[in-house]
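The lines below spell out each chain.
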Amino acid sequence: MTQKITINLNGADVTAEVEPRLLLVHFIREVANLTGTHIGCDTTSCGACSVVLDGKAVKSCTLFAVQADGRRIMTVEGLVTGGQLHPIQEGFHEKHGLQCGFCTPGMMMTSYAFLQNHAHASEEEIRWAISGNLCRCTGYVNIVEAIKYADAKLHAPAAGGA
Amino acid sequence: MIPAEFQYATPPTIPEAIALLQAHQDAKILSGGQSLIPALKLRLATPPLLVDISRIAGLTTLSEAGGWLHIGALVREADLEESPLVRSRYPLLHDTSHVVADPLVRNLATIAGNLAHADPANDHPATMLAYRAEVVATGPSGARVIAVDSFFTGLFATALAHDEILTEVRVPAPMAGSGGAYLKLERKVGDFATAGVAAQLNLDAAGRVQQIGIGLTNVGPMAIRARRSEDVLRGQSPSDALIAQAAALAQEDCDPTADLRGSADYKRNMVRILTMRALHKALERARA
């Protein structure tokens, strides 16, 4: 038995008839055709499927699409605005925060949510924030650098302020 | 991994949720889902109906009143972790919420679910034993209060009836001179505890231990109250020797089994060490 749900995905409503057992990550990848969100372990361990649900980073393999009915989801595709990379994406590019890139969408979404309410975070805070996201290329040093880059750019004092 | 088929309901009120539970004996309550959904995906559980309580209003209370901290059923681990009230007045609870699973899981997981699931590897049961907390169970004939000591009845088993919902957790407000700490030994973030120890105590004006609670995580079929360890310290000035004695008793009184996280002997030893450290940290906070 299916039910009709509407999820706001990166600012646009997506409506579909889904089975209750459809996981959010499958909704994102196979119903909305946004394949930037990856499926890694599929067991709530690796964080490759991390997306932002109403401002909080969550593992989309451990949430049913029906639970997100009427709510806002942001995926990696939602970071770019007007062709401009988000400071998080710029940071991963500038600081070489990826090697194979598989964990990167999840890393960026977790970092994005973290930097929404943390400014000038310490290395320890950053490492704690991404402790649910695994990188198997041992890239954490540069990932932390990338997040610091984005933190500085997002929370820089306004230029020319009074 | 795809779960077996189920029906899904989002009752808007507690009575409607209870009615669904009464009508479906094999239904499961879904809240944060961070233990249930993995079990569904592995098909360890195949309930025909999920009753999602997360859209019920009025279950997100996190405030002190009448000598208790009231925690609603839908309060997430991250809410506890980030709460200035919890951080300043309930350090044991803050410690615990900070080490449950990982940050993304904590954005969905609830403390009520952590208790109702009654996994001996979960962190809050030991902490609630240490606090001598209470839970509120709401069923067809209203709400009843259950002391945490009679809440856990076995492996994944609680005093909740099938048609009852754990609607609130109540933690006693701290007395003067109180402190607590939770120490968890884990192989990596996100793993269950190899062993964990929760300690909560308060000191009287003369520096003697007045009230004390010690709970042990994942070293038995359910969270264990280290009763003899508590008795050794109650009414005493907590010397290093007494703390060592309390820790040695916890080592004797736990009941771990060997698994990939270590042998039973190793875990007993870790219980001793963690008990000692948790007591020292609790005392340090009580004196601060």
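Conventions and cut-offs
- Residues numbered from 1 in each chain as written.
- Chains lettered and ligands numbered in written order.
- Predicted model: local features only at pLDDT ≥ 70, side-chain atom pairs only at ≥ 80, totals over all residues.
- Heavy atoms only, no water.
- Domains from an automatic or database assignment.
- Contact = heavy atoms within 4.5 Å.
- Buried area = accessible area lost by both parts, 1.4 Å probe.
- Helix = DSSP H or I, 4+ residues; strand = E, 2+ residues; numbered from the N terminus.
- Salt bridge = Lys/Arg side-chain N within 4 Å of Asp/Glu carboxyl O.
- Polar contact = N/O pair within 3.5 Å; in protein donor to acceptor, adjacent residues only side chain to side chain.
- Buried < 20%, exposed > 50% of the residue type's maximum accessible area, 1.4 Å probe, protein only.
- Pairing = 2+ DSSP bridges.
- Core = buried A, V, L, I, M, F, W, Y, C linked by side-chain atoms within 4.5 Å.
- Axes fitted to C-alpha atoms, helices over the stretch in contact; angles between N-to-C directions.

1. Considerations on the domain arrangement of chain B
Residue and element names in this part refer to chain B.
- Partitioning chain B into domains gives domain 1 (7–50), domain 2 (62–172) and domain 3 (178–287).
- Measuring from the centre of the C-alpha atoms in domain 2 to the corresponding centre in domain 3 gives 19 Å.
- Domain 2 puts 25 residues into the contact, and the matching count from domain 3 is 30 residues.
- Carbon and sulfur atoms make up 56% of the surface buried where domain 2 meets domain 3, a total of about 2,000 Å² over both sides.

2. Notes on the environment of Leu 36 of chain B
All names here are of chain B.
- With respect to the secondary-structure elements, Leu 36 resides in helix 2 (residues 36–41).
- As for Leu 36 and Gly 113, which are separated by 77 residues in sequence, their C-alpha atoms are 9.3 Å apart.
- Leu 36 has contacts with Lys 28, Ile 29, Leu 30 and Leu 50, leaving out every residue within four places of it along the chain.

3. Observations regarding the interface of chain B and chain A
- Across the boundary between the two partners, chain B contributes 32 residues, which contact 31 residues of chain A.
- Regarding the contact of chain B and chain A, the summed buried area is about 2,600 Å², with carbon and sulfur atoms giving 59% of it.
- The interface formed by chain B and chain A holds three salt bridges in total.
- Glu 82 of chain B is the salt-bridge partner of Lys 56 of chain A, the closest N and O atoms lying 3.5 Å from each other.
- For the pair chain B and chain A, the interface holds ten residue pairs in polar contact (both at pLDDT 80 or more).
- Going through the elements one at a time, strand 1 (7–9), helix 2, strand 3 (49–52), helix 3 (77–82) and helix 6 (103–106) of chain B are the ones with two or more residues in the side of chain B that touches chain A.

4. Describing the pairing of strand 10 (residues 165–172) of chain B
Residues and elements named next belong to chain B.
- Counting buried residues along strand 10, six of its eight residues qualify, which places the element largely inside the surrounding structure.
- Inspection of the sheet shows strand 5 (residues 68–72) paired to strand 10 by five bridges, in the antiparallel sense. Bridge pairing links Ile 71 to Val 169 in strand 10.
- Two strands pair when backbone bridges link them, and strand 6 (residues 134–139) and strand 10 are joined in this way by five bridges, in the antiparallel orientation. What sits directly across from Thr 138, in strand 10, is Ile 165.

5. Quick word on the nonpolar core
- Judged by nonpolar contacts, the single largest core of 46 residues is most densely connected at Ile 71, Leu 93, Leu 115, Met 128 and Val 171 of chain B.
- If you list the elements that add at least two residues to this core, you get helix 1 (14–23), strand 3, strand 5, helix 5 (91–99), helix 7 (111–117), helix 8 (124–131), strand 6 and strand 10 of chain B.
- The greatest single-element share of this core, amounting to five residues, is contributed by helix 8 of chain B.
- The residues touching Leu 93 of chain B, leaving out its near neighbours within four places in the chain, are Leu 69, Ile 71, Leu 80, Val 86, Ile 111, His 124, Thr 127, Met 128 and Tyr 131 of chain B.
- Core analysis: the next-biggest nonpolar cluster, separate from the first, contains 32 residues, Ile 5, Ile 28, Cys 49 and Ala 65 of chain A among them.

6. Some words on the sheet that holds strand 6 of chain B
All names here are of chain B.
- Spatially, the five strands line up as an open sheet ordered 4-5-10-6-7, and their pairing is antiparallel. Both edges of this open sheet fall to strand 4 (62–65) and strand 7 (142–147), since each of them pairs with a single strand only. Averaged over all pairs of adjacent strands, the angle between their axes in this sheet comes to 25 degrees, without regard to strand direction.
- Sitting on the sheet, helix 1 touches strand 6 and strand 10, and the angle it makes with strand 10 is about 125 degrees.

7. Quick look at the domain arrangement of chain A
All names here are of chain A.
- In terms of domain boundaries, chain A breaks down into domain 1 (3–76) and domain 2 (87–154).
- Contact between domain 1 and domain 2 buries roughly 1,100 Å² in total, counting both sides, with carbon and sulfur atoms accounting for 66%.
- In this assembly, domain 1 and domain 2 are joined by zero salt bridges.
- Connecting domain 1 to domain 2 are five residue pairs in polar contact (both at pLDDT 80 or more).
- At the level of elements, strand 3 (50–53) and strand 4 (56–59) are the ones that each hand at least two residues to the side of domain 1 that touches domain 2.

8. Points about the pattern of salt bridges
- Enumeration over the complete set of coordinates arrives at 29 salt bridges over all chains.
- Because the salt bridges share partners, they merge into one network encompassing Arg 132, Asp 149, Arg 225, Glu 230, Asp 231 and Arg 234 of chain B.

9. Some remarks on the sheet that holds strand 2 (residues 12–18) of chain A
All names here are of chain A.
- Here five strands make up an open sheet; going across it, the order is 2-1-5-3-4 and the pairing mixed. Among the strands making up the open sheet, the edge pair consists of strand 2 and strand 4. Strand-to-strand twist in this sheet, taken as the mean axis angle between neighbours without regard to direction, amounts to 40 degrees.
- When strand 3 meets strand 5 (residues 72–74), the two strands line up antiparallel, connected through two bridges. Looking at the pairing, Leu 53 lines up with Ile 73 of strand 5.
- Packed onto the sheet, helix 1 (residues 24–31) meets strand 1 (3–9), strand 2, strand 3 and strand 5 and runs at close to 80 degrees relative to strand 1.

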